[in-house]
Amino acid sequence: MLRRWHLVVFVLLAALALACEGAGTAAPEPTGASKGLPASMGALGDSITAGYGTCFTLVACGRNSWSTGGSATVDSHYRRIRDDNPAIKGRAENYAVPGALARDLAGQADRAVADKVQYVTVLIGANDACADRVADMTRTGTFRKQVDTALARLKKGLPKARVLVISIPDVYRLWELGHDNERAVRAWSRGVCPALLARPTSTAAADEERRRQVENRVDAYNDALEAACDKYGRRCRWDGGSAHRVRFSLDLVNEIDYFHPDVEGQNKLADVTWPGRFTW
């Protein structure tokens, strides 16, 4: 039988051994959850975010979305988060709809609220500018109100969620690049963004003015998006115009409509909009 003092010494030595073992072992890396990374996300927007035209035909292809895509060919925001926080696996919802306008954003926001997502991306406005005629483009004031309405629903329903608002890509640059490309001109003749791309080879003053009006309206929409995000508060981040500054080449759009980003273009959007400075 151990004497009492022997028992005390044994316990002390055991405790000392455990302490030394702990001192010699590196502390485990924090998990994604402890870094504050979201465990769910949702994407609001139009055909760009829906991955339209990235699956060899003109249909939505969400697996290639820059935001929520799970395809191995696109390093989406979802996949980047999943790398550090596996809890998000299978919990990325894409609410974006091809043809969506700013007025449709509130309904998409309601779906995000219902699903209680923790991170929301918003990219909207290209279709508001790509009307049949310049006169049919959404007025900037109306656009701003519609975006504010959607963001207000997110803020009320998901007060702790992070929101990332993305600038509208520079569609005027596509005209600059493609108006002397026979294949692009042929594709645009099927009704792609007519306010901008109708009669793409024309040098008539009226057509030049029409294109500039679309370019100016997109700039105005981007100003409205930035202001709406600023109004939202500290949980909303504006991309700083990074998506709009992308120098899209024709290699970054699909070869069916020469308008929507292809897989490479989706990767580019994911890269330039990734909110690496977010305080998750």
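Up top is the structure.
Before we go on, may I ask you to explain the pairing of strand β3 (residues 119–123) in this structure?
In summary, the side chains of a regular strand alternate between the two faces of the sheet. Counting buried positions over the five residues of β3 gives five, a clear majority of the element. Side chains Tyr119, Thr121 and Leu123 project from β3 onto one buried face, and the interleaved Val120 and Val122 project onto a second face that is buried too. Pairing between strand β1 (residues 41–45) and β3: four bridges, direction parallel. Residue pairing across strands places Ala43 opposite Thr121, the latter belonging to β3. In this sheet, strand β4 (residues 162–165) lies alongside β3 in parallel orientation, the contact comprising four bridges. Looking at β4, one finds that Tyr119 is bridged to Arg162.

Mind showing me how you'd approach the state of the cysteines here?
Each disulfide consists of a covalent bond between the sulfur atoms of two cysteine residues. Counting across every chain of the model gives three disulfides. Note on cysteine connectivity: Cys55 is disulfide-linked to Cys61, with sulfurs 1.7 Å apart. For the pair Cys55 and Cys61, one class covers both residues: buried. Note that Cys229 is cross-linked by a disulfide to Cys236, the S-S spacing being 2.1 Å. With the S-S bond torsion at -120°, the cross-link from Cys229 to Cys236 turns out left-handed. According to the relative accessible area criterion, Cys229 is buried, its value standing at 2%.

Would you mind showing me how to read a negative patch on the surface here?
On the surface, a cluster of negative charge is made up of Asp219, Asp223, Glu226 and Asp230. Looking at where Asp230 falls in the secondary structure, it is placed in helix α9 (residues 205–232).

What am I meant to see in the pattern of salt bridges here?
Note that side chains of opposite charge can pair when their charged atoms are close. Under the counting rule described, the total for this entry stands at 12 salt bridges. The salt bridge involving Lys231 is made with Asp148; its shortest N-O contact spans 4.0 Å. Highlighted residues: Lys231 in helix α9 and Asp148 in helix α5 (residues 140–157), separated in sequence by 83 residues. On the basis of relative accessible area, Asp148 is assigned to the buried category, the value being 17%. One salt bridge in this structure joins Arg212 and Glu215, with 2.5 Å as the shortest N-O distance. Placement of both Arg212 and Glu215 in helix α9 is noted, with a separation of three residues, approximately one turn of the helix. Owing to a relative accessible area of 39%, Arg212 belongs among the partly exposed residues under this scheme. With a relative accessible area of 18%, Glu215 lands in the buried category.

Definitions and cut-offs
Residues numbered from 1 in each chain as written. Predicted model: local features only at pLDDT ≥ 70, side-chain atom pairs only at ≥ 80, totals over all residues. Heavy atoms only, no water. Buried < 20%, exposed > 50% of the residue type's maximum accessible area, 1.4 Å probe, protein only. Helix = DSSP H or I, 4+ residues; strand = E, 2+ residues; numbered from the N terminus. Pairing = 2+ DSSP bridges. Disulfide = S-S within 2.5 Å. Patch = residues over 30% accessible without salt bridge, like charges linked within 9 Å, V, L, I, M, F, W, Y side chains within 5 Å. Areas by Shrake-Rupley, 256 points an atom, 1.4 Å probe, with all protein chains shown as cover. Salt bridge = Lys/Arg side-chain N within 4 Å of Asp/Glu carboxyl O. Lys, Arg positive; Asp, Glu negative; His and termini not counted. Charge placed at Lys NZ, Arg CZ, Asp CG, Glu CD.

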